[in-house]
Amino acid sequence: MGYGDAGALRQGEPGLVFTWDHRMIRHRRRHRSWLARLGHWWRSRVGEVAVVAYVLDGDSIRLADGREVRYLGIDAPERHGPDGRPAPWAEEAKAANARLVEGRRVRLFAGKGEPDRDVYGRLLRHVYRGRLWVNGHLVAMGLARARYGGSIDPRAARLQRLEADARRRGRGLWGIEGHRHRG
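None of these values were measured; they are calculated from a predicted model.

### Quick look at the nonpolar core
Okay, step 1: With 30 residues, the main nonpolar core has Ile 61, Tyr 71, Val 101 and Leu 138 as its most contacted residues.
Okay, step 2: Of all the secondary structure elements, the ones that give two or more residues to this core are strand E1 (48–57), strand E2 (60–63), strand E3 (68–71), helix H2 (90–101), strand E5 (105–109), strand E6 (123–129), helix H3 (134–140) and helix H4 (154–169).
Okay, step 3: In contact with Val 101, not counting residues within four places along its chain, are Val 52, Val 55, Ile 61, Tyr 71, Val 106 and Val 134.

In structure tokens form, the structure reads like this:
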């Protein structure tokens, strides 16, 4: 059957068979990796938009889709310490976090050169509400510590500067009472 025929198959003639050759498969793989790179680039510039359903503590949230997110680069006081009581400033950190993000749309950004998840399976992200960087805001208020060590993420140095400023001004954890409880 040629291209000029009327299109009817004759008795015993094979039908039209489409096969992939190696060039098409290579092109398809290359195309898929290009799209994956574009998606990664786009998410790194725009971030993933999500709605916060619930604030778990001063440095972690639960999204409306059920995923849990831990704020990257900071460590807020724990609500359940080793003795079962909350650490100093833990309730204040949770309340401030709730005022900032609970029930609101946020943008989530992965850190440069940072792992995607922690040992508990939570996403590790920088969280923005509009133009407000929530991670940095909590550190600047003295409700969390900077937790970066040898990171290549440019936000690490900024978090350390915000913590130094909060210490110098005696905010939150770094006030007179905060130093007494820090131990």
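Past the structure itself, the notes keep going.
### Remarks on the confidence of the model for the protein chain
Okay, step 1: For the protein chain, per-residue confidence averages 80 on the pLDDT scale, and 69% of positions sit at 70 or higher.
Okay, step 2: Here helix H5 (residues 176–182) stands out as the element of the protein chain with the lowest mean pLDDT, 49, in contrast to E2, whose mean of 97 is the highest.
Okay, step 3: Of the regions scoring below 50 in pLDDT, residues 178–183 engages in nine contacts with residues more than four places distant in sequence or in other chains.

### Considerations on the packing of aromatic side chains
Okay, step 1: Enumeration according to the criterion identifies two aromatic pairs in this entry.
Okay, step 2: Here Phe 109 and Tyr 128 contribute two aromatic rings whose centre-to-centre distance is 5.3 Å and whose plane-to-plane angle is 85°, an arrangement assigned as edge-to-face. Taken together, the positions of Phe 109 in strand E5 and Tyr 128 in strand E6 put the pair 19 residues apart, joining distant regions of the chain.
Okay, step 3: When its relative accessible area of 7% is taken as the criterion, Phe 109 is described as buried.
Okay, step 4: Ring geometry for Tyr 128 and Trp 133: centres 6.5 Å apart, planes at 20°, overall stacked.
Okay, step 5: Residue Trp 133 is classed as buried on the basis of its relative accessible area, which comes to 5%.
Okay, step 6: Taken together, the aromatic side chains of Phe 109, Tyr 128 and Trp 133 make up a single cluster linked through ring pairs.
Okay, step 7: Sitting over the ring of Trp 174, Arg 167 keeps its end group 4.0 Å from the ring centre.

### Let's talk about the pairing of E2
Looking along a regular strand, one sees the side chains alternate between the two faces of the sheet.
Okay, step 1: In this sheet, E2 lies alongside E1 in antiparallel orientation, the contact comprising four bridges. Looking across to E2, one finds that Val 52 is bridged to Leu 63.
Okay, step 2: Counting the residues in the hairpin turn of E1 and E2 gives two residues.
Okay, step 3: Pairing of E2 with E3 involves three bridges; the strand directions are antiparallel. By the bridge assignment, Ile 61 is partnered in E3 with Val 69.
Okay, step 4: The antiparallel pairing of E2 with E3 creates a hairpin that spans four residues between the two strands, and Gly 66 there sits at a positive phi of about 100°.

Rules used in this analysis
Residues numbered from 1 in each chain as written. Predicted model: local features only at pLDDT ≥ 70, side-chain atom pairs only at ≥ 80, totals over all residues. Heavy atoms only, no water. Core = buried A, V, L, I, M, F, W, Y, C linked by side-chain atoms within 4.5 Å. Buried < 20%, exposed > 50% of the residue type's maximum accessible area, 1.4 Å probe, protein only. Helix = DSSP H or I, 4+ residues; strand = E, 2+ residues; numbered from the N terminus. Contact = heavy atoms within 4.5 Å. pLDDT = per-residue confidence, 0-100. Phe/Tyr/Trp six-rings, centres within 6.5 Å; stacked < 30°, edge-to-face > 60°. Lys NZ or Arg CZ within 6 Å of the ring centre and 35° of its normal. Pairing = 2+ DSSP bridges.

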